[in-house]
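# Residue-level structure breakdown
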Amino acid sequence: AEDAAAFKRMLKEVNRLYLGTTVLILLDLSYVSRFWTQFESWMSMQYATPDGLKPAVGTKNERHHIVCIQNAGESLKSALVDLWAAKTPDEAHDILSKPDVTVTNLSDKEGQLPKIKA
């Protein structure tokens, strides 16, 4: 019970890591359909400023690295960057809230989505 409570506390904050650390994205075909991977990709392509999140791609703040694995090709890599690099928090929220963005535990999605607009 104590471990479950600790896990739940950490899960609420884990996304902050993706805003400030270098992120290695291991991209496969299923990556672009899953909530957590897309959420983490978007955050890894942003950086925090006093005025909110700004796109990091193409700046000195760029921190993500994408390696294609299994059947993923370079076109999927480009599509992932095109999808997330310049999205505002409102746009990211809209995309991630759609039903085709899958998640094992719906409560994860419900708990994380409000943070995007906060």
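Description of the structure in this document.

Parameters at a glance
Chains are numbered independently. Their residues run from 1 in the order of the written sequence. The model is predicted, so local features are restricted to residues of pLDDT at least 70 and side-chain atom pairs to those at 80 or more, both for listing and for counting; the totals for chains, interfaces and linings are taken over all residues. Hydrogen atoms and water are omitted, and side-chain values are computed over all heavy atoms in the structure. Any two strands with at least two DSSP-identified bridges between them are counted as paired. Every helix listed is a DSSP run of H or I at least four residues long, and every strand listed is a run of E at least two residues long, numbered separately from the N terminus. Any Phe, Tyr or Trp ring, taking Trp's six-membered ring, that has another such ring centre within 6.5 Å forms a pair; planes under 30 degrees apart are called stacked, those over 60 apart edge-to-face, and the others tilted. Only protein chains enter the accessibility calculation, which uses a 1.4 Å probe; a residue is then buried when its area is under 20% of its type maximum, exposed when over 50%, and partly exposed in between. Any two residues whose heavy atoms approach within 4.5 Å are treated as being in contact. Think of a 1 Å grid over the protein atoms and nothing else: a 1.4 Å probe that fits but is trapped marks a cavity, an open set flanked by protein within 12 Å on at least five of seven lines marks a pocket, and residues with an atom within 4 Å of a point count as lining. Grid points are joined across faces, edges and corners, and a volume is the space filled by probe spheres set on the points. Three categories are distinguished: nonpolar for Ala, Val, Leu, Ile, Met, Phe, Trp, Tyr, Cys and Pro, charged for Asp, Glu, Lys and Arg, and polar for the others, with Gly belonging to the last. Here the term patch refers to residues with relative accessible area over 30% and no salt bridge, with like charges joined within 9 Å and nonpolar side chains (Val, Leu, Ile, Met, Phe, Trp, Tyr) within 5 Å. Residue exposure ignores everything except the shown protein chains as possible cover, and the areas themselves are Shrake-Rupley values with a 1.4 Å probe. Put simply, a salt bridge is a Lys or Arg side-chain nitrogen that is within 4 Å of an Asp or Glu carboxyl oxygen.

## Let's talk about the pairing of strand 2 (residues 46-49)
On a regular strand, one side chain projects to one face of the sheet and the next to the other, so that they alternate. Where strand 2 lies against strand 3 (residues 52-55), 4 bridges are found, and the strand directions are antiparallel. Note that in strand 3 the partner of Q46 across the bridge is P55. Counting the residues that bridge the hairpin from strand 2 to strand 3 gives 2 residues.

## A few points about the packing of aromatic side chains
Per the counting criterion, the structure on display carries 3 aromatic pairs. For the pair F35 and W36, a centre-to-centre distance of 5.6 Å together with 70° between the ring planes defines the contact as edge-to-face. W36 matches F35 in its accessibility class, with the two residues each being buried.

## Observations concerning the environment of F39
When you line up the elements, F39 lands in helix 2 (residues 35-44). Given the relative accessible area of 1%, F39 is considered buried. C-alpha separation for the pair F39 and W84, spaced 45 residues apart in sequence, amounts to 9.1 Å. Excluding residues within four positions of it along the chain, F39 makes contact with N15, L96, Q112 and I116.

## Looking at the layout of surface pockets
Considering only enclosed or pocket space, the largest pocket measures out at about 240 Å³ in volume. In terms of lining, the largest pocket is formed by 13 residues, of which the most central are N15, L19, L53, K115 and I116. Broken down by element, the lining of the largest pocket gets its largest block of residues, 3 residues, from helix 2. Looking at the lining of the largest pocket, its residues break down into 8 nonpolar, 1 polar and 4 charged. The calculated volume of the second largest pocket comes to roughly 170 Å³. Elements with a contribution of two residues or more to the lining of the second largest pocket: helix 1 (2-13) and helix 5 (106-117). No other element matches the 5 residues that helix 5 contributes to the lining of the second largest pocket.

## Side note on a nonpolar patch on the surface
A cluster of nonpolar residues, L24, L26 and V67, forms a patch on the protein surface that exposes about 260 Å² of accessible area. Residue position: L26 is located in strand 1 (residues 23-27).

## Things to note about the side chain of H93
Topologically, H93 is positioned in helix 4 (residues 89-96). A residue is classified by how much of its surface remains accessible, and H93, at 17% relative accessible area, is buried. When residues no more than four places from it in sequence are discounted, the contact partners of H93 are L113, I116 and K117.

## A short note on the pattern of salt bridges
Scanning all chains against the criterion turns up 2 salt bridges. Between R34 and D28 there is a salt bridge whose closest N-O contact spans 3.8 Å. Owing to a relative accessible area of 30%, R34 belongs among the partly exposed residues under this scheme. Residue K77 pairs with E74 through a salt bridge whose shortest N-O separation is 3.8 Å. Within this pair, K77 and its partner E74 are both found in helix 3 (residues 74-84), separated by 3 residues, close to a single helical turn. A residue is classified by how much of its surface remains accessible, and E74, at 54% relative accessible area, is exposed.

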